[in-house]
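Residues per chain are reported as follows:
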Amino acid sequence: PRAGAARLDAASAGAPPRPASWSVAAPRFGVSTTALLLDAALIVASLRLLKSLPPAPAVAYTAATTALWAWLYPGATRRLTRPGLWAGIFVIAVGAGALLGEGGLEAGLRMALRALLLSAGFAALSQELAAPAVRARLGAWGAGGWLAAVEGAFASLPALIARLPPAPVLLRRPADALSSLLDAAEPPALFLVAGPAGSGKSAFLAALVERLRERKVGVAGLLSPGEHAGGVRTGFDAVDLATGRRVALSRRGGPPEWPALVGPFHFSPEGLAFGRAALAADAEVLVVDEVGPLELAGGGWAAALDALALTRRRPMVWAVRDGLVDAVQARWSAPASAVWTPATDPAAAAAALEAAGQQ
């Protein structure tokens, strides 16, 4: 989300929409705030219990708990049955044990068990959080940040699974599988546009997009232009660069059914979902306007950025505040290939992006 306190909090604080592909069948006993809290409590209790259980009981407990969640939430957990996921975690655990030395295999096993338990637990929470009544109650309790963190964590899981090699490769050639996983961990080609609030980062990005299109370079992603009336900022829109479609993201004193996440600004659930969908589009260059403090804390576009940093290797351009350049690079383990300012020549930046995409 863009710089400027109100807008930054606006685009950042909204909870991510649940990934539709992860929830088809409804929970067996419906959804409720009580079930949500029970699932959250079970996750916390299970993580603490795994620290004290011997390896064999820990494996049995994890299997029983994940099976329970799979039975209760068949739609949300169906992709956790993919063989490649389990094979991948097994290989990673064995590799961790080999690297850690004495006692390392058990440590790797416990790490794998925690990952499986969290995956199933977040899947369960994700489906409970899909219910409008549950979301409304959490918002009334002031738990919007927790809601965003939980859904964001689970939203990045499909990207993690997608990076795993096929199960036969993982099981028959673990060395090759680990090598491919390490190759996938190569940082993305990231370019930053840094400047203070109101410095023209969005205008630079709009010009950059035009220059890229003149060079026949495909562009997707998100711009978030501000809306003003009488010299007062009234809200922000979200613009999908792939389609050109523009929807309202936030409005000062907006409709009462939009959650008032920060101050007088109400935020459109459609706009928040629309923005995250725009960041899921594929193109030669992906633009993100912008990455701010709440993304660094796990809110806003953070889930989408986590997936992009994990899976995307083609160039990306992120707008950031000039004081957050180092923090953004560290948070996503992505050293910037270049840090531009709004005064940078858009044509030169477009040429650099085109060259980076050809490497």
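Residues numbered from 1 in each chain as written. Predicted model: local features only at pLDDT ≥ 70, side-chain atom pairs only at ≥ 80, totals over all residues. Heavy atoms only, no water.

**Q** Please explain the overall build of the chain as it appears in this structure.
**A** A tally of helices and strands in the chain yields 17 helices and nine strands. Buried residues in the chain amount to 48% of all 359 residues. Contacts spanning at least 24 positions in sequence make up 71% of the contacts within the chain whose residues lie at least 6 apart. Of the accessible surface of the chain, which amounts to about 15800 Å², a share of 62% is contributed by carbon and sulfur atoms. (Helix = DSSP H or I, 4+ residues; strand = E, 2+ residues; numbered from the N terminus. Buried < 20%, exposed > 50% of the residue type's maximum accessible area, 1.4 Å probe, protein only. Contact = heavy atoms within 4.5 Å. Areas by Shrake-Rupley, 256 points an atom, 1.4 Å probe, with all protein chains shown as cover.)

**Q** Quick question: what am I supposed to make of the pairing of strand S3 (residues 226-229) here?
**A** Residues in a regular strand point their side chains to alternate faces of the sheet. Judged from the four bridges that link them, S3 and strand S4 (residues 232-240) form a sheet pairing that is antiparallel. Paired with alanine 229 across the strands is valine 232, a residue of S4. Linking S3 to S4, which pair antiparallel, is a turn of two residues; within it glycine 230 sits at a positive phi near 60 degrees. (Pairing = 2+ DSSP bridges.)

**Q** Teacher, can you tell me more about a nonpolar patch on the surface here?
**A** A cluster of nonpolar residues, Phe29, Leu68 and Trp71, forms a patch on the protein surface that exposes about 370 Å² of accessible area. By the secondary structure assignment, tryptophan 71 is in helix H3 (residues 55-72). (Patch = residues over 30% accessible without salt bridge, like charges linked within 9 Å, V, L, I, M, F, W, Y side chains within 5 Å. Salt bridge = Lys/Arg side-chain N within 4 Å of Asp/Glu carboxyl O.)

**Q** Help me understand the nonpolar core, please; the structure alone is not making it clear to me.
**A** One broad rule of soluble globular proteins: the nonpolar side chains tend to lie buried together. In this structure, Val288, Val291, Leu305, Trp318, Val320, Val328 and Trp332 are the most contacted members of the largest nonpolar core, which totals 32 residues. Residue contributions to this core peak at five residues, all from helix H15 (residues 302-311). Not counting residues up to four positions away in its chain, the partners in contact with valine 328 are Val291, Leu296, Trp318 and Val320. Listed in part, the 23 residues of the second largest apolar core include Leu208, Val209, Trp340 and Ala356. (Core = buried A, V, L, I, M, F, W, Y, C linked by side-chain atoms within 4.5 Å.)

**Q** Where do I start with the pairing of S4 in this structure?
**A** With two bridges connecting them, strand S2 (residues 219-223) and S4 associate as antiparallel partners. Looking at the pairing, leucine 223 lines up with valine 239 of S4. Sheet analysis places S4 next to strand S5 (residues 246-252), joined by five bridges and oriented antiparallel. Each residue of the ladder has a partner; that of glycine 235, found in S5, is arginine 251. Between S4 and S5, which follow one another and run antiparallel, lie five residues, and glycine 244 among them has a positive phi close to 80 degrees.

**Q** Is there a simple way to think about H15 in this case?
**A** Structural remark: α-helix, 3.6 residues per turn; residues separated by three or four positions point the same way. Along H15, seven of the ten residues are buried, which leaves the element largely enclosed by surrounding structure. Listing the buried residues of H15 in full gives Ala302, Ala303, Ala304, Leu305, Ala307, Leu308 and Ala309.

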